[in-house]
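Results of the structural survey
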Amino acid sequence: RILEKYIQRVGDSDPRALYYYGGELAKHGEHGAAVRAFKRHIELDKWPDQRCRAMVEIGNIYARLGFHDDAIRWFTDAMFTRNWPEPMLAIARSFFALARTGEAQEKRQLDKEQVFNLKRAAQWFFRGLEVEPLRDALLFTDPMERGRSYELLAASLAALGDVEKTGAVCEKGL
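Quick look at the structure, then. (Residues numbered from 1 in each chain as written. Predicted model: local features only at pLDDT ≥ 70, side-chain atom pairs only at ≥ 80, totals over all residues. Heavy atoms only, no water.)

1. Concerning the overall build of the protein
Cut-off, in case you're wondering: What counts as a helix is a DSSP run of H or I of at least four residues, what counts as a strand is a run of E of at least two, and both are numbered from the N terminus. For each residue, the accessible area found with a 1.4 Å probe, counting protein chains only, is set against the maximum for its type, and the residue is called buried under 20%, exposed over 50%, and partly exposed in between. Each accessible area is a Shrake-Rupley estimate made with a 1.4 Å probe; only the visible protein chains count as cover when residues are assessed. His is not counted, nor are the chain ends, whereas Lys and Arg count as positive and Asp and Glu as negative. All charge positions are set by atom: Lys at NZ, Arg at CZ, Asp at CG, Glu at CD.
The number of helices and strands found in the protein is 10 helices and zero strands. Sequence-ordered secondary structure for the protein, helices as α and strands as β, is α-α-α-α-α-α-α-α-α-α. In terms of overall dimensions, the protein has C-alpha extents of about 60 × 35 × 25 Å along its principal axes. Looking at the protein residue by residue over its 174 residues, the buried ones come to 42%. Per element, the accessible surface of the protein, about 10200 Å² overall, is 54% carbon and sulfur. Here the protein holds 27 positive side-chain charges and 26 negative ones, and the gap between their average locations is 2 Å.

2. Side note on the packing of helix 9 (residues 145-159) against helix 10 (residues 163-173)
Stated formally: Between N-to-C directions, angles span 0 to 180 degrees; the directions come from axes that are lines fitted to C-alpha atoms, helices contributing only their stretch in contact. Oblique is the label for every angle not falling under 35 degrees (roughly parallel), over 145 degrees (roughly antiparallel), or within 65 to 115 degrees (roughly perpendicular). Note on definitions: a residue-residue contact is assigned when non-hydrogen atoms from the two residues lie within 4.5 Å. Charged means Asp, Glu, Lys or Arg here, nonpolar means Ala, Val, Leu, Ile, Met, Phe, Trp, Tyr, Cys or Pro, and polar covers whatever is left, Gly included.
Relative orientation of the contacting elements helix 9 and helix 10 amounts to 170°, with a least axis distance of 8 Å. By the criterion of interaxial angle, the relationship of helix 9 to helix 10 is roughly antiparallel. Listed contacts from helix 10 to Tyr150, Leu153, Ala154, Leu157 and Ala158 of helix 9 are Lys165, Thr166, Val169, Cys170, Lys172 and Gly173. Here the residues of the contact of helix 9 with helix 10 are counted per class, giving seven nonpolar, two polar and two charged.

3. Observations concerning helix 4 (residues 48-64)
The condition is simple: Given the number of residues in a helix, its expected span is that number minus one, multiplied by 1.5 Å.
Taking 1.5 Å as the rise per residue, helix 4 with 17 residues should run 24 Å; its terminal C-alpha atoms sit 24 Å apart, in good agreement. Of all the positions in helix 4, only Gln50, Cys52, Arg53, Ala54, Met55, Val56, Ile58, Gly59, Asn60, Ile61 and Tyr62 are classed as buried. Looking at the buried positions of helix 4, the neighbouring elements they touch are helix 2 (15-27), helix 3 (31-44), helix 5 (68-81) and helix 6 (85-98). Gly66 sits one or two positions beyond helix 4 and adopts a positive phi of about 90°.

4. Overview of the nonpolar core
For clarity, the cut-off: Among buried residues, the Ala, Val, Leu, Ile, Met, Phe, Trp, Tyr and Cys ones that are joined through side-chain atoms within 4.5 Å form a nonpolar core.
Membership of the largest hydrophobic core comes to 47 residues, with the highest contact counts inside it found for Phe38, Ile58, Ile91, Trp124, Phe125 and Leu153. Mapped by element, the contributors of at least two residues to this core are helix 2, helix 3, helix 4, helix 5, helix 6, helix 8 (112-130) and helix 9. Excluding its chain neighbours within four sequence positions, the residues that come into contact with Phe125 are Leu89, Ala92, Arg93, Phe96, Ser149, Leu152, Leu153 and Ser156.

5. Here's the deal with the pattern of salt bridges
To keep it simple, the criterion reads: Whenever Lys or Arg places a side-chain nitrogen within 4 Å of a carboxyl oxygen from Asp or Glu, that contact is recorded as a salt bridge.
Evaluated as defined, the whole model comprises seven salt bridges. Between Arg82 and Asp49 there is a salt bridge, and its shortest N-O distance comes to 3.1 Å. Of this pair, Arg82 sits in the loop between helix 5 and helix 6 while Asp49 sits in helix 4, and the two are 33 residues apart along the sequence. One continuous salt-bridge network, built from bridges that share partners, spans Asp12, Arg40 and Glu43.

6. Thoughts on the environment of Arg127
Within the secondary structure, Arg127 is located in helix 8. Exposure remark for Arg127: the relative accessible area of 38% places this residue in the partly exposed category. Sequence separation of Arg127 and Ala33 is 94 residues, and the distance between their C-alpha atoms is 32 Å. With residues up to four places along the chain from it excluded, the contact list for Arg127 reads Met79 and Met88.

As structure tokens, this is what we get:
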């Protein structure tokens, strides 16, 4: 709670501290307070890299809570702030989650909405994987994200019945 006391003392004068405070709140399950801290950070900080990160964090909170439409909006804002792969891959993960592929396995058939969301997921996975990964931001980049993205892209394509592309994606992801 050192960071919390620091924020109470300096208020909005340190936007970067608000970003880290939002991250700590999110880790402790205080989602509403975390979103408020990230939003305030976005309002105050002019550095696009950090603003993009805050937008992705807000999107991740909404995605974890199952509010994928809200998450996609934040990921899209982040994508337009910085042309990084992370927001695009996050958009893809939300569309994949919206496809509810587990339900399709039970009934052995995809409905139109599931197909639509799987196609959107695949499109965003392809787009995000085309963008060169960040090399200079090791502290902010999940080294497993690209591998998981290839896995979900392959799962999307397999669910859509595209065996040829599924195999190619699996090979490329190795």
